[in-house]
Amino acid sequence: MTKFVFVTGGVVSSLGKGIASASLAAILESRGLKVTLIKLDPYLNVDPGTMSPFQHGEVFVTNDGAETDLDLGHYERFIETRMKKANNFTTGQIYKSVLEKERRGDYLGKTVQVIPHVTNEIQDFIKRGADFGTPEAVDVAIVEIGGTVGDIESLPFLEAVRQLSLRLGPNQAAFVHLTYVPWIAAAGELKTKPTQHTVQKLREIGIQPDALLCRADRYIPDDEREKISLFTNVAQWGVISMPDVDTIYKVPRVLHEQGLDGLICDKLRLNTPPANLKRWDDLVFETEHPKGDVAIAMVGKYVELSDSYKSLNEALRHAGMKNHVHVNISYIDSETLSPDNVAQLAKFDAILVPGGFGVRGVEGKICAARFARENKIPYLGICLGMQVATIEFARHVAGLKDANSTEFAPDCPNPVIALITEWKDADGSIKLRNEDSDLGGTMRLGAQSSDVVKGTLAHKIYGNVVTERHRHRFEANVNYLETLRQAGLVISALTQREHLTEIVELPQDVHPWFIGVQFHPEFKSTPWAGHPLFNAFIRAALDQQIATTPEKALA
Ligand code: GLN
């Protein structure tokens, strides 16, 4: 029987509820339990796919092609269970499903209400996320409820999990509440009042937390813990500090040392071997003892909000650890980059152009790809980064001066990148743009496999087959592949099913390391294994450093 841990948040957002949930899951997994994580988002968008990365951060893509909250990325990086569509749902999805049922007549003419119809639907979605009652069911599902207690939006979620814990019976569910304990410098004191209030709010709804994770800039002293315990009705050993740490990999150890996993296993009557956090300790050791560093220029347009490239930043860090170096990432706004100032990229060991949408900043990215190609600087282009590298090559090497993507220039004479519907015809005639495409409906999403050409850089990295996740609409136009090939571009992988271009690269005797991939490898990187493509990219950056600044590389 699957047991549940519900994680709620209080006082303010951005306290790290995702990391706290993922850390608890990781510790429970180390005790031999099969664990999954589910994220409930209290907004009305059906998925974050159409939300701006500036507002919402990265959109994480699962193997089965769901566009989800970036917390699912943390989940996959912290535990072994892979996330699926069912691991993340929004209020929008709940209402959509309830309204569809209402239209079908499933409610038999009853008045459809938030309680019980919406709250029942939420409980069904939670159970589905845990594969509840199926052979795949997990031992423990950790359910993170987005938003803050007291918000109008999250009320139905809180009511639903209260009901669910009641229905499941005693010792089947535990509640963990993340709260904030501010340090007031003028008074020289930690203040517990916000915590008292947020737990009051929770208890008003009928939820008594079993543990409080107290976010603060320091450990909470025992007398303050005692006070919090008394006012919140949480046993003192359940009042746990979650101090600021310099790396998120320390969080599982911090929580375990204070007995969080023991408390949860007690409450849920789970008898397991003790936790083993050696892999986390090793990871922390590795991050704290790099043998050198490399400098990467990331040329993108969502540079103001580092959450926009969350998985990418993590993947680079993982690859750094694999190569025993610290990776310094400099974010360069592609809108500011032009032929006049692109030489500023010369000081970097490698250049990365990440994914993106829309025309803004594209010419700057093309500039960066050209600079990397001409100056033999290692280049990794991801999704849009592959597309701009292809456009750049078409323009400056293959002689197609006006090459572009129809995303940026709908009527361009040489659309080397275009929607499939625009390049389907074998004679190369361009069909009309697919104007009526439903946003979110025409994306190539999720995991697909391709065959890799032997003898290529891609083959060295991946072997015969590459299976990676996608999130894009536009593709390398098949009608230009022969021209590009003849000009020297290597097409090193094509999808197995539709023969779409997956990887392009420059010949290894022309450029030491230049590769563009249509997929998003960053979604599959883990701190344990890193990722073959990023590992190779950081290795290439190191080789570049050895070649150009040996004094630094050898120091
Ligand atoms: N905008 C491009 C497309 O839709 C690339 C998308 C991306 O980089 N994720 O094809």
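Quick notes on the rules
Residues numbered from 1 in each chain as written. Predicted model: local features only at pLDDT ≥ 70, side-chain atom pairs only at ≥ 80, totals over all residues. Heavy atoms only, no water. Helix = DSSP H or I, 4+ residues; strand = E, 2+ residues; numbered from the N terminus. Rg over C-alpha atoms; globule rule 2.2 N^0.38 Å. Buried < 20%, exposed > 50% of the residue type's maximum accessible area, 1.4 Å probe, protein only. pLDDT = per-residue confidence, 0-100. Contact = heavy atoms within 4.5 Å. Pairing = 2+ DSSP bridges. Axes fitted to C-alpha atoms, helices over the stretch in contact; angles between N-to-C directions. Expected span 1.5 Å × (residues − 1). Near = heavy atom within 4 Å. Polar contact = N/O pair within 3.5 Å; in protein donor to acceptor, adjacent residues only side chain to side chain. Areas by Shrake-Rupley, 256 points an atom, 1.4 Å probe, with all protein chains shown as cover. Nonpolar A, V, L, I, M, F, W, Y, C, P; charged D, E, K, R; others polar. Core = buried A, V, L, I, M, F, W, Y, C linked by side-chain atoms within 4.5 Å. Left-handed = near helix turned anticlockwise from the far one by under 90°.

J.: Tell me about the overall build of the protein, residues and numbers included.
T.: Within the protein, the secondary structure is distributed over 19 helices and 23 strands. Its C-alpha radius of gyration of 25 Å places the protein within 12% of the 24 Å reference for a compact globule of 555 residues. Expressed along its principal axes, the backbone C-alpha trace of the protein runs to roughly 75 × 70 × 45 Å. In the protein, buried positions account for 57% of the 555 residues.

J.: Account for the confidence of the model for the protein, with residues named and values stated.
T.: Per-residue confidence for the protein averages 92 on the pLDDT scale, and 95% of its residues sit at or above 70. Long-range and interchain partners of residues 430–441, a stretch whose pLDDT sits below 50, account for 19 contacts in this model, where long-range means more than four residues apart.

J.: So what's going on with the sheet that holds strand S2 (residues 35–41)? Which residues, and what values?
T.: The strands that make up a sheet pair up through hydrogen bonds in the backbone, lying either parallel or antiparallel. Spatially, seven strands are ordered S5-S2-S6-S1-S7-S10-S11 in an open sheet, and the strand pairing comes out parallel. Two strands lie at the open edges of the sheet, namely strand S5 (88–90) and strand S11 (239–243), each paired on one side alone. Within this sheet the neighbouring strands show an average axis-to-axis angle of 20°, counted without direction. In this structure, strand S10 (residues 211–216) lies alongside S11, joined through five bridges in parallel fashion. Along S11, the bridge assignment pairs Leu213 with Ile240. Those strands touched by helix H3 (residues 71–78) are S2, S5 and strand S6 (140–145), and its axis lies near 175° from that of S2.

J.: I'd like to hear about helix H1 (residues 17–30), residue by residue, with values.
T.: Note that an α-helix has 3.6 residues per turn; residues three or four places apart therefore point the same way. Along its 14 residues, H1 runs 20 Å from first to last C-alpha, staying within 8% of the 20 Å computed at 1.5 Å per residue. In terms of burial, H1 is a largely internal element, 13 of the 14 residues being buried. Just beyond H1, the residue with positive phi is Gly32, at close to 90°.

J.: Summarise the site of the ligand; cite the residues concerned and give the values.
T.: Close contacts around the ligand come from Gly355, Gly356, Phe357, Cys383, Leu384, Gln387, Glu407, Arg471, His472, Arg473, Phe474 and His520, and that covers them all. Between Arg473 and the ligand, the recorded distance is 3.0 Å, taken from a backbone N or O atom to an oxygen atom. Phe474 has a polar backbone atom sitting 2.8 Å from an oxygen atom of the ligand. With the chains in place, 99% of the 300 Å² that the ligand exposes on its own is no longer accessible. Looking at the shell around the ligand, the elements that each hand over two or more residues are helix H14 (384–396) and strand S19 (465–472). Tallied by class, the residues present in the shell around the ligand amount to four nonpolar, five polar and three charged.

J.: Let's hear about the nonpolar core: which residues, and what values?
T.: Ranked by size, the top nonpolar core spans 47 residues in total, and within it Val5, Ile142, Leu213 and Ile264 carry the most contacts. Of the residues forming this core, the biggest block, eight residues, is contributed by H1. Ignoring anything within four residues of it in the chain, the contact list for Ile264 reads Val5, Leu24, Ala174 and Val176.

J.: Give a detailed account of the packing of helix H12 (residues 310–322) against helix H18 (residues 532–548), specifying residues and quantitative values.
T.: Taken N-terminus to C-terminus, the directions of H12 and H18 make an angle of 65°; their axes are 8 Å apart at the nearest point. Considering only the axes of H12 and H18, their crossing is right-handed. Of the residues in H18, those touching H12 at Leu312, Ala315, Leu316, Ala319, Gly320 and Lys322 are Phe534, Asn535, Phe537 and Ile538. Each residue belonging to the contact of H12 with H18 can be placed in one class, and the counts come to seven nonpolar, two polar and one charged.

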